[in-house]
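# Structural overview for review
So the chains spell out like this:
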Amino acid sequence: NSRPKVVLEVAGLCSGRGVSDVSFTLNEGEVLGLGGVLGSGRTEIARALFGLDPMTAGEIRVGGRRLHLRGPADAIAAGLALVTENRKSEGLFFNFDGRSNISSASLPRFSMFGFLDLQREDREVTKIARLLELSKGAEEKSVQHLSGGNQQKVVLARWLLSEAKVLILDEPTQGIDIGAKLAVYRLINQLTAQGCAIVLISSDHDEL
């Protein structure tokens, strides 16, 4: 599904957490595999791209425009999304149900004058949940009671709803069963067909 249009350009990226002189380009509809053993800096690259760790050098361009990252909010506004490796400590709000977790990155779309349009939120979340084949009733349940596969789908659903242009997936199939893995792979194919670009971080050689 890769197309000639460049979506993300990274040049000479450095951060205080061991990332040094990282450069690559990512095209529309492309999946860029990023491999390496534990501790090689894969996750640190993702954190720097998403504004979680401050850059010390280099530049990031999205759609040809230089991105000035002060934090994750700037990355989200530019169309970047990060599915973290540890969904339990970094990816989910365990005191929220599935619906609230899914809509959490898109609240401005459902808000007017400080009030949340709950009906619109429900419609949009249900549509995404069906696309990802979430288990029945997962939107109403607290995420702590969902299976690992459904928890991962909730995190993915959040960024699909945000209509991100670039998805950074850090070990997206770690700790989930084969059925959920296949659902993630099908989703990657669907997203790239629609023009989304993906950075896939994995320690699984066969997956890459």
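Residues numbered from 1 in each chain as written. Predicted model: local features only at pLDDT ≥ 70, side-chain atom pairs only at ≥ 80, totals over all residues. Heavy atoms only, no water.

### A look at helix α6 (residues 118-131)
The end-to-end C-alpha separation of α6 is 20 Å, in line with the 20 Å expected for 14 residues at 1.5 Å each. What α6 keeps buried is the set Glu121, Glu124, Val125, Thr126, Ile128 and Ala129. On its buried side, α6 packs onto α4 (98-103), α5 (107-110), β8 (115-116) and α7 (148-161). Measuring from the side-chain oxygen of the N-cap residue of α6 to the backbone nitrogen of glutamine 119 gives 3.3 Å; that N-cap residue is aspartate 117. In the stretch just after α6, glutamate 133 is the one whose phi turns positive, near 60°. (Helix = DSSP H or I, 4+ residues; strand = E, 2+ residues; numbered from the N terminus. Expected span 1.5 Å × (residues − 1). Buried < 20%, exposed > 50% of the residue type's maximum accessible area, 1.4 Å probe, protein only. Contact = heavy atoms within 4.5 Å. Polar contact = N/O pair within 3.5 Å; in protein donor to acceptor, adjacent residues only side chain to side chain.)

### Remarks on the packing of aromatic side chains
Counting across every chain of the model gives two aromatic pairs. With a centroid separation of 6.0 Å and an interplanar angle of 85°, the aromatic rings of phenylalanine 50 and tryptophan 159 are classed as edge-to-face. With phenylalanine 50 in the loop between α1 (42-49) and β4 (55-62) and tryptophan 159 in helix α7, this residue pair connects regions lying 109 residues apart in the sequence. Given the relative accessible area of 7%, tryptophan 159 is considered buried. Taking 5.3 Å as the distance between ring centres and 40° as the angle between the ring planes, the aromatic pair formed by phenylalanine 93 and phenylalanine 96 counts as tilted. With a relative accessible area of 33%, phenylalanine 96 lands in the partly exposed category. (Phe/Tyr/Trp six-rings, centres within 6.5 Å; stacked < 30°, edge-to-face > 60°.)

### Re the packing of α7 against helix α8 (residues 178-193)
One can describe the packing of α7 onto α8 by two numbers: an axis separation of 10 Å at closest approach and a directional angle of 15°. For the element pair α7 / α8, the angle class is roughly parallel. Seen along the crossing, α7 lies across α8 with a hand that is left-handed. Contact residues: α7 offers Gly149, Lys153, Leu156 and Leu160, while α8 offers Ala180, Ala183, Val184, Leu187 and Leu191. Considered class by class, the residues forming the contact of α7 with α8 number seven nonpolar, one polar and one charged. (Axes fitted to C-alpha atoms, helices over the stretch in contact; angles between N-to-C directions. Parallel < 35°, antiparallel > 145°, perpendicular 65-115°, else oblique. Left-handed = near helix turned anticlockwise from the far one by under 90°. Nonpolar A, V, L, I, M, F, W, Y, C, P; charged D, E, K, R; others polar.)

### Description of the layout of surface pockets
Looking at the largest pocket, its volume works out to about 520 Å³. Surrounding the largest pocket, 23 residues form its lining, Glu163, Ala164, Lys165, Gly195 and Cys196 being those nearest its centre. Those elements that place two or more of their residues in the lining of the largest pocket are β5 (65-66), α6, α7 and α8. Classifying every residue of the lining of the largest pocket gives 13 nonpolar, four polar and six charged. Of all the elements, α7 adds the most residues to the lining of the second largest pocket, at three residues. (1 Å grid on protein atoms, 1.4 Å probe; cavity = no way out; pocket = protein on both sides within 12 Å on 5 of 7 lines; lining within 4 Å. Points joined across faces, edges and corners; volume = space filled by probe spheres on them.)

### Structural notes on the sheet that holds strand β9 (residues 166-170)
With respect to topology, four strands assemble into an open sheet ordered β3-β10-β9-β6, the strand pairing being parallel. With one partner strand each, in any of the chains shown, β3 (31-34) and β6 (80-83) form the two edges of the open sheet. Looking at each pair of strands side by side, their axes are set apart by 15° on average, direction ignored. The strands touched by α1 are β3, β6, β9 and β10 (197-201); relative to β9, the strand with the most contacts, the crossing angle is about 150°. Against the sheet, α8 engages β3, β9 and β10, with an angle of about 150° to β10. (Pairing = 2+ DSSP bridges.)

### So, empty space enclosed by the protein
In total, this model carries one cavity of 30 Å³ or more according to the counting rule given. Roughly 30 Å³ of volume is contained in the largest cavity. As for the largest cavity, its lining consists of Leu156, Leu167, Leu169, Val184, Leu187, Ile188, Leu191 and Ile198. Residue contributions to the lining of the largest cavity peak at four residues, all from α8.

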